[in-house]
Amino acid sequence: WPYAYFVIYKFVQELHFCITAGDGDNEVIILQGSSDSVVQFTVLLGDVEKTAALKNLDMILLSYMVGKYFLWSMLRLHHRFF
Amino acid sequence: MAQPLVVKKDDDLDEEEYYSPFLGIEKGAVLQEARVFHDPQLDARRCCQVITKLLYLLNQGDTFTKVEATEVFFATTKLFQSKDAGLRRMVYLMIKELSPSADEVIIVTSSLMKDMNSKTDMYRANAIRVLCRIIDSTLLTQIERYLKQAIVDKNPVVASAALVSGIYLLQTSPEVVKRWSNEVQEAVQSRAALVQFHALALLHQIRQNDRLAVSKLVTSLTRGSVRSPLAQCLLIRYTSQVIRESSMNSQGGDRPFFDFLESCLRNKAEMVILEAARAITELNGVTSRELTPAITVLQLFLSSSKPVLRFAAVRTLNKVASTHPLAVTNCNIDMESLISDQNRSIATLAITTLLKTGNESSVDRLMKQMTNFMSDIADEFKIVVVEAIRSLCLKFPLKYRSLMNFLSNILREEGGFEYKKAIVDSIIILIRDIPDAKESGLFHLCEFIEDCEFTYMSTQILHFLGNEGPKTSDPSKYIRYIYNRVILENATVRASAVSTLAKFGALVDSLKPRIFVLLRRCLFDGDDEVRDRATLYLKLLGGEATVGETEKDVNEFLFGSFDIPLVNLETSLQNYEPSEAPFDISSVSLETKSQPLAEKKTTGKKPTGPASALSGPVPTVDASYEKLLSSIPEFAGFGKLFKSSAPVELTEAETEYSVNVVKHIYDGHVVLQYNCTNTIPEQLLEEVVVFVDASEADEFSEVATKSLRSLPYDSPGQTFVAFEKLEGVLATGKFSNILKFIVKEVDPSTGEADDDGVEDEYQLEDLEITSADYMLKVGVSNFRNAWESMDPESERVDEYGLGARESLAEAVSAVIGILGMQPCEGTDVVPSNSRSHTCLLSGVFIGNVKVLVRLSFGLSGPKEVAMKLAVRSDDPEISDKIHEIVANG
């Protein structure tokens, strides 16, 4: 089986997540690790919309960059948002 | 630089101003904003936003110069005084992302070490992360004690930070991290899921080179209780690793730890279930009995409401279906419902899986569902489906009718070249492998070429029709389609159609009269190739009155492969002189000779001399020479061919034997290739070899000779002599050459040579290897740019008096000849009556060193020429050597 990547998308109202991962990676881990935390964070703000996420992007970046270690230790993850 | 976001107003936001902190963001402006870090009264919110922008720029690929990074770094260190927790976290991120240099680490280390012992857990955790990222091994020993304490800290955030840092440090200071095994082992037992996961990852990495230790780790943990789902997934991966490396596989016993993997299939967390199922499917030599429980849980995921689970399940089953199709059969019902899934990746995977696992009775139902599906997907997905259908048809030959109908239907729809080609290839394969499918397949292909816009595919199908059509029950029905191509298509397709008609005429006697009528019409085609083919085939097919052998020859010509190299055919045709004897194609050599040779003619005409070494650029090594030399075992080990010279004549024109030589320059070798031509019809030369006297070339030693077995009249051949020299040394010298051979008389009437011959020799001109042979003529498009981009330190400048010269042009030409470099921008042409001239040269010196030369010539007296030589190269020593060459020349 040739090595390949796959992309997982998740749309939560105005937030669009696009996550690429290696062929051997576990889809559930990738999706939960990447997007669920951000969605939960914005839910706490009471507004799952782009403007809320952008205004608090510093906190989101914080969760991603801290999470680099979390994900890096078992996944090869490339993520972009917006 | 980041692109500004496209601002699009939604109706909901009519009342609000749309806000994006990155709109029109650019590095310069953000760096200016960073000055807020220096304010005595810090605005924490504002600082957070600026740091966010800086991190955004870094994340998007922007880079900071060293000066910019230093300024931002120092500004960020000012923020350590802030009490705002959010801002402090951003400060830690910023310092880590900036990766300060060794000089700057000291400044921030004291602050971080203070934070590392802070009572605030968040400060301690983040300080540990940053500190481990930026410290060196010396500082690491100082803080090692604190790190070990942090690993077993009661706060999970602190413990995880230390463990993650350990994973990072293991790459740079493995001997230090390995001393933490006891603390990490304790952390694996932690009740906090976060800590357990990271501890397990670190412990495995510490022990990964010790298979026994990994096995023990897995053994103990598979018996214990691992709480973290992520840790459980890690454990599954490590367990699979142990199973793969276990030697018990070869004994055929039960797999170790398989019970553990199977128990994970019943875990509460979906990620663990998926990880275990996938691990089981990927076991070496997995049996159907072992697969069953994994397939069962994947089948449940197929009907999950979460797309990610459906995707993960169908992706895994797609792989299993390639190796164990029977095991996946039970999922077919669930898989069929996925064909209409709104996620196209899931649908495509479902279809390709079903095509691998479907049984014969489900083929028809599957085809109906796929018909609607195809119009919704992109070409690359379609190609995957087409190839899967091809496999399915070969698997169930009796179902070829519905599958062929499907392929022909999609062939008529829109699609790109690759997609159409995949369909045509599949139909052709089915026709070849399923005899019953031939008639309908050929018919579909005929329909396709009626409206095919791709020349390549039209000719491919016509060729195929020519081979297969005559063997069908009713060949005549294809003639209409073929002749339509002659009427309607471009010249290439028309020529192909003419050949196809000829094949029908040759094999189907009943069609021959009609084929003749059609071919005669082609005699009036506007294209030479089409007319020539029609003429040829009419001649061939019209010879039915002759003996039976002719018919076999005709078929062999039409259907056989043309095995004469075209280069040889062209050479023979050009050498052929009109005479009573017709050209004989059987005399063309089948042997491939890939190198160009200097041709000699036996008539009274004077031959054109070989091209002057100074005319025309020689951009690179002749690929055919390289191929020739590497195919000779004696020379294959010499390495990469640097240069092959132009042929140098060693004989005069109109002599009995014509010989020229090509000098092949390697780093440590020189190969002399002697191209020999025998111009005497009454002679056959054998065992032709050149005896080389290298007594005047001390720096070369002969290492190999390759003789020429036979040299008939007017048929060029090569003989080689190889010399060794020191690498990197500019070895030069003169070689004397004597051609030695055995000459045999040839009977002009029979063309046969005598059995016995006489040894003879023939003196050749001397050959010289000069410094110019080590320079490859490689031009540059813009000399000035190339010159300025080279390191001025490599420049060597000197002046030379060239003495009395006929003219300035003669001096310029002589120096160019000595250097062997490529003139640039036409500067080798000297205007008449010039009193000064500048010449620009470029080249590549042996060792692949780029060299540029600027020559300034001037008249210093009556016919006295002076020259200033400036050389730049990638290597200053080479620049010096260029001067030596000129000084000695």
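Residues numbered from 1 in each chain as written. Chains lettered and ligands numbered in written order. Predicted model: local features only at pLDDT ≥ 70, side-chain atom pairs only at ≥ 80, totals over all residues. Heavy atoms only, no water.

Per UniProt, chain B carries the name Coatomer subunit gamma-2 and comes from Oryza sativa subsp. japonica. Its UniProt record, at the heading Subunit, says of chain B: "Oligomeric complex that consists of at least the alpha, beta, beta', gamma, delta, epsilon and zeta subunits." The heading Sequence similarities in the UniProt record of chain B holds the text "Belongs to the COPG family." (UniProt positions renumbered as here; feature names shortened; annotations may be inferred.)

An unreviewed UniProt entry lists chain A under the name Os09g0251450 protein, with Oryza sativa subsp. japonica given as the organism.

J.: Looking at this structure, how should I read the overall build of chain A?
T.: Each helix and strand in chain A was counted, giving three helices and three strands. Its helices and strands taken in sequence order, chain A reads β-β-α-α-α-β from the N to the C terminus. Here chain A holds 82 residues, and the buried ones make up 51% of them. For chain A, long-range pairs separated by at least 24 residues make up 49% of all intrachain contacts whose partners lie at least 6 apart in sequence. Here chain A displays about 3900 Å² of accessible surface, and carbon together with sulfur accounts for 60% of that area. (Helix = DSSP H or I, 4+ residues; strand = E, 2+ residues; numbered from the N terminus. Buried < 20%, exposed > 50% of the residue type's maximum accessible area, 1.4 Å probe, protein only. Contact = heavy atoms within 4.5 Å. Areas by Shrake-Rupley, 256 points an atom, 1.4 Å probe, with all protein chains shown as cover.)

J.: Looking at this structure, how should I read the confidence of the model for chain A?
T.: Low-confidence regions, as indicated by low pLDDT, have predicted coordinates that should not be scrutinised in detail. Residue and element names in this part refer to chain A. Confidence along chain A averages 58 in pLDDT terms, with 26% of residues attaining 70 or more. Mean pLDDT across the elements of chain A bottoms out in strand 3 (residues 77-81) (30) and peaks in strand 1 (residues 5-12) (72). Long-range and interchain partners of residues 65-82, a stretch whose pLDDT sits below 50, account for 61 contacts in this model, where long-range means more than four residues apart. (pLDDT = per-residue confidence, 0-100.)

J.: Looking at this structure, I do not really get the packing of helix 24 (residues 417-433) of chain B against helix 26 (residues 455-468) of chain B. What am I missing?
T.: For any two helices packed against each other, one specifies the inter-axial angle together with the distance between the axes. Residues and elements named next belong to chain B. Packing of helix 24 against helix 26 brings their axes to within 11 Å, and their N-to-C directions diverge by 5°. The orientation of helix 24 with respect to helix 26, classified from their angle, is roughly parallel. On the side of helix 24, the interface is formed by Phe417, Lys420, Lys421, Val424, Asp425, Ile428, Ile431 and Arg432, while helix 26 contributes Tyr456, Met457, Gln460, Ile461 and Phe464. Grouping the constituent residues of the contact of helix 24 with helix 26 by class yields eight nonpolar, one polar and four charged. (Axes fitted to C-alpha atoms, helices over the stretch in contact; angles between N-to-C directions. Parallel < 35°, antiparallel > 145°, perpendicular 65-115°, else oblique. Nonpolar A, V, L, I, M, F, W, Y, C, P; charged D, E, K, R; others polar.)

J.: Sorry if this is basic, but what is going on with helix 27 (residues 479-488) of chain B here?
T.: Each α-helix winds once per 3.6 residues, and so residues spaced three or four apart point in a common direction. Residue and element names in this part refer to chain B. Buried residues dominate helix 27, accounting for seven of its ten residues. For helix 27, every residue scored as buried is listed here: Ile479, Tyr481, Ile482, Tyr483, Asn484, Arg485 and Val486. Close packing links the buried residues of helix 27 with helix 25 (438-449), helix 26, helix 28 (491-507) and helix 29 (512-522).

J.: Any chance you could explain the confidence of the model for chain B here in plain terms?
T.: Residues and elements named next belong to chain B. Summary statistics for chain B give a mean pLDDT of 79 and a share of 89% for residues scoring 70 or more. Predicted confidence in chain B is weakest over helix 31 (residues 548-559), with a mean pLDDT of 62, and strongest over helix 15 (residues 270-281), with 91. Considering only residues more than four positions removed or in separate chains, one finds that residues 1-19, a stretch of pLDDT under 50, has 19 contacts. Below pLDDT 50 for its whole length, residues 593-620 participates in 47 contacts with residues either more than four positions away or in separate chains.

J.: Looking at this structure, I do not really get helix 10 (residues 181-188) of chain B. What am I missing?
T.: Residue and element names in this part refer to chain B. Those residues of helix 10 not exposed but buried are Glu183, Val184, Ala187 and Val188. Along the axis of helix 10, the buried residues cluster in a sector spanning 145°; they form a single face. Within helix 10, the exposed residues directed more than 90 degrees away from the buried face are Asn182 and Glu186. Check the buried side of helix 10 and you find it contacts helix 7 (137-151), helix 8 (156-172), helix 11 (193-207) and helix 12 (211-223). (Arc of directions from axis to C-beta.)

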